[in-house]
Amino acid sequence: GRMSATEGRVEGGAMRVGFIGLGVMGEPMARHLRAAGHALAVWARRPQSAAALVAEGVPLCATPAELAARSEVVITIVTASADVEALAFGAQGLAEGFVPGAIHVDMSTIAPATARALAERYAARGVGWVDAPVSGGGQGARDATLAIMAGAEDDMLERVRPLLGALGKRIVHIGPPGAGQVAKACNQMIMVSAIQACAEAFRLAGAHGVDKAAVLRALAGGSAGSRVLEVMGAKMVARDFAAGVEARLHHKDFAILMEEAARLGAPLPVAAQVWQQLDALMGAGWGRDDTASLLRVLEG
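Computed from a predicted structure; not experimentally measured.

### Here we look at the overall build of the protein chain
Here comes step 1: Of regular secondary structure, the protein chain possesses 14 helices and eight strands.
Here comes step 2: Taken over C-alpha atoms, the radius of gyration comes to 20 Å for the protein chain, in line with the 19 Å a tight globule of 300 residues would show.
Here comes step 3: With the C-alpha coordinates aligned to their principal axes, the bounding extent of the protein chain is approximately 70 × 45 × 35 Å.
Here comes step 4: The buried share of the protein chain, reckoned over its 300 residues, is 47%.
Here comes step 5: Restricting to contacts in the protein chain with at least 6 residues of sequence separation, those with at least 24 account for 66%.
Here comes step 6: The positive charge centre, built from 28 side chains, and the negative charge centre, built from 29, are 3 Å apart in the protein chain.

This is the structure in structure tokens:
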């Protein structure tokens, strides 16, 4: 039969790690795990996304179940709640392959309620769960400087902490399963609302006909200075709308957090307005462009 989750452990604290979601974030993350000495294997919905790693000798599994069967830990970073549910408990999903003691670390941004439900279903099988969504974008993934927000039981988080340490520089244990996703929702609300505020500021500067680059330099030195202003302000001034992060992902994140806010009865007036602007951005066909396109929505 199959090996137990910890049998046949690789030397020197290295682990057998499965990875799913080899996108802008995932591919560099998978490379960091491999560079740290872990035994990496992958599954990909589109095999071409794994081609570069496979060419370097990383095993490609035929199904998520097969990946889970050979891994102590499987890390996923995919788009939406439904994607994670299908990977976990769909046909030939991870749950069919995991042995008791294995752990699923999901680094996607999904609904807190989905994370809690998956944790419970796995617990019934003796499989661990960590939700560990990240902030820092493609650059943070490439530099291994991601901020990681973890929702997990203490013992599960401790077992995977060495893996997370290869991916980010700040790992904060927020609370039990689902709590990492709550922190990520808070991150997205503040960040994207700040992008909208930048868009309005540069729209106003443009309406007055003043030099936007000069305004940006002035603001950067004052109390409005922030990472968002620095990165997004520069994109808006340069009218560079090529995606750092595709706006459709922020739209998806806001759909999650507004839906849960409605269920909890938590009023989020600014976030609600930003969500409307993201809807308009999507309607204009800019979903695969950068969220700096919120400026174009205001100009429309």
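Structure shown, so let's carry the discussion forward.
### Brief notes about the state of the cysteines
Here comes step 1: Here the structure, examined in full by the defined rule, presents zero disulfides.
Here comes step 2: The thiol of Cys186 is not disulfide-bonded; the next cysteine sulfur, from Cys198, is found 20 Å away.
Here comes step 3: We classify Cys186 as partly exposed; its relative accessible area is 40%.

### Considering the packing of helix α6 (residues 112-123) against helix α12 (residues 247-264)
Between two packed helices, both the angle of their axes relative to each other and the distance between the axes serve to describe the pair.
Here comes step 1: Running from amino to carboxyl end, α6 crosses α12 at an angle of 85°, the nearest separation of the two axes being 9 Å. Judged by the inter-axis angle, α6 sits roughly perpendicular to α12. Contact with α6, carried on its side by Pro112, Ala113 and Arg116, involves Ile256, Glu260 and Arg263 of α12 and no other residues of that element.
Here comes step 2: Classifying every residue of the contact of α6 with α12 by side-chain character gives three nonpolar, no polar and three charged.

### Observations regarding the packing of aromatic side chains
Here comes step 1: Evaluation of the coordinates by the stated rule reveals three aromatic pairs.
Here comes step 2: Arranged with centres 5.8 Å apart and planes meeting at 70°, the rings of Phe98 and Tyr122 form a pair that is edge-to-face. Placement of the pair is Phe98 in the loop between α5 (94-97) and β4 (103-106) and Tyr122 in helix α6, with a sequence separation of 24 residues. In this structure, Phe98 and Tyr122 share a single accessibility class: buried.
Here comes step 3: Consider the rings of Tyr122 and Trp129, whose centres lie 6.2 Å apart with planes at 25°: the pair is stacked. In this structure, Tyr122 and Trp129 share a single accessibility class: buried.
Here comes step 4: Put simply, the rings of Phe89, Phe98, Tyr122 and Trp129 pair up and form one aromatic cluster.
Here comes step 5: Above the ring of Phe241, the side-chain terminus of Arg296 is found at 4.2 Å from the ring centroid.
Here comes step 6: Taking NZ or CZ as reference, Arg296 lies 4.4 Å from the ring centre of Trp286, over its face.

### Here we look at the pairing of strand β5 (residues 128-131)
Here comes step 1: Along β5, one buried face is formed by Gly128 and Val130 and the opposite face, lined by Trp129 and Asp131, is buried too.
Here comes step 2: Relative to β5, β4 runs parallel, the two being bridged by four bridges. Following the sheet pairing, His104 is matched in β5 by Trp129.
Here comes step 3: Once you follow β4 into α6 and on to β5, the crossover reads as right-handed.

### Some remarks on unusual backbone geometry
Here comes step 1: Backbone geometry at Gln92 places phi at a positive 55°, although glycine is not the residue there.
Here comes step 2: The topology assignment puts Gln92 in the loop between α4 (81-89) and α5.
Here comes step 3: Unlike most non-glycine residues, Arg239 shows phi in positive territory, near 50°.
Here comes step 4: Of the residues examined, Arg239 reaches a relative accessible area of 42% and is grouped as partly exposed.

### Description of the pairing of strand β2 (residues 39-43)
Here comes step 1: Judged by how many residues are buried, β2 sits mostly within the fold: four of five residues are covered.
Here comes step 2: Following the backbone out of strand β1 (residues 16-20), through helix α1 (residues 26-35) and into the adjacent parallel β2, one traces a crossover that is right-handed.

### Thoughts on helix α9 (residues 179-208)
Here comes step 1: Taking 1.5 Å of rise per residue, 30 residues should cover 44 Å, and α9 covers 44 Å from first to last C-alpha, within 8% of that figure.
Here comes step 2: Just past α9, the residue Gly209 takes up positive phi, approximately 75°.

### Quick look at the nonpolar core
Here comes step 1: Of all hydrophobic cores here, the largest spans 34 residues; its most connected members are Phe19, Met29, Val105, Met107 and Val130.
Here comes step 2: For this core, the element with the most residues is helix α8 (residues 154-165), which contributes four residues.
Here comes step 3: With residues up to four places along the chain from it excluded, the contact list for Val130 reads Ile103, His104, Val105, Asp106, Ala150, Gly151, Ala152, Met156, Leu157 and Val160.

### Overview of the environment of Gly225
Here comes step 1: Within the fold, Gly225 resides in the loop between α10 (212-220) and α11 (227-238).
Here comes step 2: Judged by its relative accessible area of 32%, Gly225 falls in the partly exposed class.
Here comes step 3: As a C-alpha pair, Gly225 and Asp154 span 71 residues in sequence and 36 Å in three-dimensional space.
Here comes step 4: Setting aside residues no more than four positions away along its own chain, Gly225 makes contact with Leu219 and Ala220.

Definitions and cut-offs
- For every chain, the first residue of the written sequence is number 1, and numbering continues from 1 along that sequence.
- Reporting in this predicted model follows two pLDDT cut-offs: at least 70 for local features of residues, and 80 or more for side-chain atom pairs to be given and counted; totals over whole chains, interfaces and linings ignore these cut-offs and use all residues.
- Hydrogen atoms and water are omitted, and side-chain values are computed over all heavy atoms in the structure.
- Starting at the N terminus, helices and strands are each numbered in turn, a helix being any DSSP run of H or I of at least four residues and a strand any DSSP run of E of at least two.
- What the globule rule says is 2.2 Å times the number of residues to the power 0.38, and the radius of gyration is computed from C-alpha atoms.
- Exposure classes here rest on a 1.4 Å probe applied to the protein chains alone. A residue is buried below 20% of its type maximum, exposed above 50%, and partly exposed in between.
- Contacts are assigned to residue pairs that have any heavy atoms within 4.5 Å of one another.
- Counted as positive: Lys and Arg. Counted as negative: Asp and Glu. His and the chain ends are not counted at all.
- To locate a charge, take NZ of a lysine, CZ of an arginine, CG of an aspartate or CD of a glutamate.
- Note on terminology: pairs of cysteine sulfur atoms within 2.5 Å are recorded as disulfides.
- For helices, the fitted axis covers only the stretch in contact; all axes are lines through C-alpha atoms, and the angles between them, taken along N-to-C directions, range from 0 to 180 degrees.
- Roughly parallel means an angle under 35 degrees; roughly antiparallel, over 145; roughly perpendicular, 65 to 115; everything else is oblique.
- Nonpolar residues are Ala, Val, Leu, Ile, Met, Phe, Trp, Tyr, Cys and Pro. Charged residues are Asp, Glu, Lys and Arg, and all others, Gly as well, are polar.
- Centre distance within 6.5 Å is the pairing criterion for rings of Phe, Tyr and Trp, where only the six-membered ring of Trp is used; planes under 30 degrees apart are then read as stacked, over 60 as edge-to-face, and the remainder as tilted.
- In this scheme, Lys NZ or Arg CZ marks a charge over a ring once it lies within 6 Å of the ring centre and within 35 degrees of the ring normal.
- Any two strands between which DSSP finds at least two bridges are classified as paired.
- The handedness rule is simple: strands pointing away from the viewer, and a clockwise path from the first strand over the helix to the second, make the crossover right-handed.
- What a helix is expected to span follows from its residue count: subtract one and scale by 1.5 Å.
- Residue types Ala, Val, Leu, Ile, Met, Phe, Trp, Tyr and Cys, when buried and joined through side-chain atoms within 4.5 Å, form a set referred to as a nonpolar core.

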